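Chain and residue survey
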Amino acid sequence: MITLGVSTLVAIATPTQAADFLRFSIGNRDVSIPVDVLETYIENPPDHSENHKLDNVANLLSPKIQTQLRDILARRYQFSDAEIRHLLSSPMVADFLIQMGDIIETEPGANGADAIRNAMVSASSLPDGFTLIDMMREFPSPSIYMNLNEALQALTNVAILIESTNDIIADIKRLASSQGQTAGNIDFSQWRDLRKPGNFPSSKYTYRVSDSIRDRQFNFDLYLPETTDSNIPTLIISHGLASDRSRFEYLARHLASYGFAVAVPQHTGSDFQQFQDLLIGKVSDMFNPREFIDRPLDISQVLDYLESLNRGDLSDRLNLDNVGVLGHSLGGYTALVLGGAPLNFAQLKIDCNQDNFSVNPSLFLQCRALELPQTDTNLRDERVNAILLINPLNSSILGEASINQIQIPVMMVASGLDILAPAVLEQIPAFNWLTNSHRYLVFKEKDSHFFDMNQYTAEAIPNLGGLTRPATEISRGYMKSLSVAFFQTHITNNPEYEQYLQAAYAIHISDAAYPIHLILPTPDQKLGVK
């Protein structure tokens, strides 16, 4: 994977010429399609008499894919000129453009990353936003050359990913059904619905942590159940990249209603504020690689802070010797590290130097860890004794050699429509690598990566509608119930909740439109990934 330095992203001039044709070769034939013809393709299939070249190409695609392609070409994006410039200056985005530039070229063999960047900046000045057709017209070259070999390889990789995902879903459904039948006739309708709040109201307190050694300050919220118990179990929630602690208030309050004290820190440097600062040019990156180290240290410092509160205002009411951590996306990585998985630079060097087209966008983030000093980095916190991971990224930055060192209970949550950290490339292999006796796989068939999205975020970042799913509230209900069951079982050691951690319960709460499956590992059986 090629890394592009920020220093190369200088001010971009408006192109003096624009592309009129999309060109590529099929066998010994050179095909040239006018950009204007592509625009007519958005609303109607190509005309057989006038647009026969486009017709010949389009017929290589299924009707369903042609419909999706027209939708993609017609989708309108609205970013300001400044926002686009700042966003494209992020090293992760620049790396992605380099990969796309191997497919979209200014001339045969010439990477088109700079031209794509110029076209996006120029198109962003259009008053009503821009489409991909608008970008093509702003492409600073008379023609856009499509490297068909690279494009076909990319499409092949995507097809393999889709096929593998479908195969995994089928395997999980069969295994979940089998495990559900062996549970017997349990009438879960007579059991407590863990999606509903528990018995305790909670109070919210906000504290600020200052670390002079790391030159880092951050806030965390503590949700404290209103109970007279003197040994309150404690959980930490770690948000993902470009997220923030407020998005998990609903889950923190739900867990607090079942008697947990829940702390939710703000990971400055990889939160939503960092992303907003990038768009206005206040910072040059949405993520500092140091976050791979700082995030786990944030959690440990929150626990240290809570210990000091325990010695003072909280009068030893919190149990801080047996803590659970829930993490989403990059927060899932954070939880894995705290649970005993050290950074794996050897695996990163292998995976980040591959030249083939990657269908795993999370690698662009994971590979940034190679910018860190490559020393033994083990950030295990012995106070952490159970972890729940929602769409974690882990395949290369941790890998099998690190993940199989985890010996505490783990619940791994994956989504069938996750395009940022695809399940078959991230969570399914990680589940297979786990060797501890208490491990659970939760699979949400029709949910995406954006578990933590809320209305404010969707409005603040344009065009997120296609990335979020209508399953959000249903998915949150799943996570409310399963997180209560998991942490009640493995943090409070309450045996009555263990019966919820089985395939039959997931079948009971599963919504037919957005199915969920829960499986436990079986002896000598691993989920196959092509």
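Just so it is clear, the structure is predicted and the values come from calculations on it, not from any experiment.

Moving on: the sheet that holds strand β4 (residues 110–111). Read across the open sheet, the five strands follow the order β2-β1-β5-β3-β4; overall the sheet is mixed. Strands with a single pairing partner mark the edges of an open sheet, and in this sheet they are β2 (29–34) and β4. Both strand β1 (residues 21–26) and strand β5 (residues 143–146) contribute to a ladder of three bridges, which runs parallel. Note on β5: the bridge partner recorded for Leu22 is Ile144.

Relative to the 51 Å expected for 35 residues at 1.5 Å per residue, helix α8 (residues 148–182) spans 51 Å between its end C-alpha atoms, a close match to the ideal helical length. Backbone geometry just after α8 places Gly184 at a positive phi near 85°.

Across the chain, pLDDT averages 87, with 88% of residues at or above 70. For the stretch residues 1–16, pLDDT sits under 50, and the model shows 30 contacts to residues farther than four places along the chain or on other chains.

By the bridge criterion, two bridges tie strand β3 (residues 104–107) to β5 in an arrangement that is antiparallel. In the strand pairing of β5, Ile104 is matched with Met146.

In this section: unusual backbone geometry. Non-glycine residue Ala242 carries a positive phi angle of around 60°. Mapping Ala242 onto the fold places it in the loop between β8 (232–238) and α9 (249–256). Taking relative accessible area as the criterion, Ala242 reaches 17% and is therefore assigned buried. The backbone of Asp316 sits at a positive phi, close to 60°, despite the residue not being glycine. As for its placement among the helices and strands, Asp316 is situated in the loop between α11 (291–311) and β10 (318–328). Accessibility expressed as a relative area gives 53% for Asp316, which makes it exposed.

In the structure shown here, the tally under the stated rule is 24 salt bridges. Put simply, Asp294 and Arg216 hold a salt bridge, and the shortest N to O gap is 3.6 Å. One end of the pair, Asp294, is in helix α11; the other, Arg216, is in strand β7 (residues 216–225), and 78 residues separate them in sequence. By the burial criterion, Asp294 is buried, and Arg216 matches it. Note that Arg216 is salt-bridged to Asp298, the shortest N-O span being 2.9 Å.

Our focus in this paragraph is the sheet that holds strand β9 (residues 261–265). Ordered by their spatial adjacency, nine strands build an open sheet running β6-β7-β9-β8-β10-β11-β12-β13-β14, and the pairing between neighbours is mixed. Of all strands in the sheet, those with a lone pairing partner are β6 (202–211) and β14 (516–519), marking the two edges. The sheet shows a mean angle of 20° between the axes of neighbouring strands, direction not considered. With six bridges joining them, β10 and strand β11 (residues 384–390) adopt parallel strand pairing. Looking at β11, one finds that Val323 is bridged to Val384.

Here Ser475 shows up in helix α18 (residues 472–490). Side-chain polar atoms of Ser475 contact the side chain of Asp447, separated by 2.8 Å. Setting aside its immediate chain neighbours within four residues, Ser475 contacts Lys444, Asp447 and Phe451.

Within the element layout of this structure, Leu303 appears in helix α11. Classification of Leu303 by relative accessible area gives buried; the value is 0%. In this structure the C-alpha to C-alpha distance between Leu303 and Thr234, which are 69 residues apart in sequence, comes to 9.4 Å.

Another point: the environment of Arg476. By the secondary structure assignment, Arg476 is in helix α18. For Arg476, a relative accessible area of 11% puts it in the buried group. Arg476 sits 24 residues away from Asp452 along the chain, and the two C-alpha atoms are 8.9 Å apart.

Here is what the cut-offs are and how they apply
- Residues numbered from 1 in each chain as written.
- Predicted model: local features only at pLDDT ≥ 70, side-chain atom pairs only at ≥ 80, totals over all residues.
- Heavy atoms only, no water.
- Pairing = 2+ DSSP bridges.
- Helix = DSSP H or I, 4+ residues; strand = E, 2+ residues; numbered from the N terminus.
- Expected span 1.5 Å × (residues − 1).
- pLDDT = per-residue confidence, 0-100.
- Contact = heavy atoms within 4.5 Å.
- Buried < 20%, exposed > 50% of the residue type's maximum accessible area, 1.4 Å probe, protein only.
- Salt bridge = Lys/Arg side-chain N within 4 Å of Asp/Glu carboxyl O.
- Axes fitted to C-alpha atoms, helices over the stretch in contact; angles between N-to-C directions.
- Polar contact = N/O pair within 3.5 Å; in protein donor to acceptor, adjacent residues only side chain to side chain.

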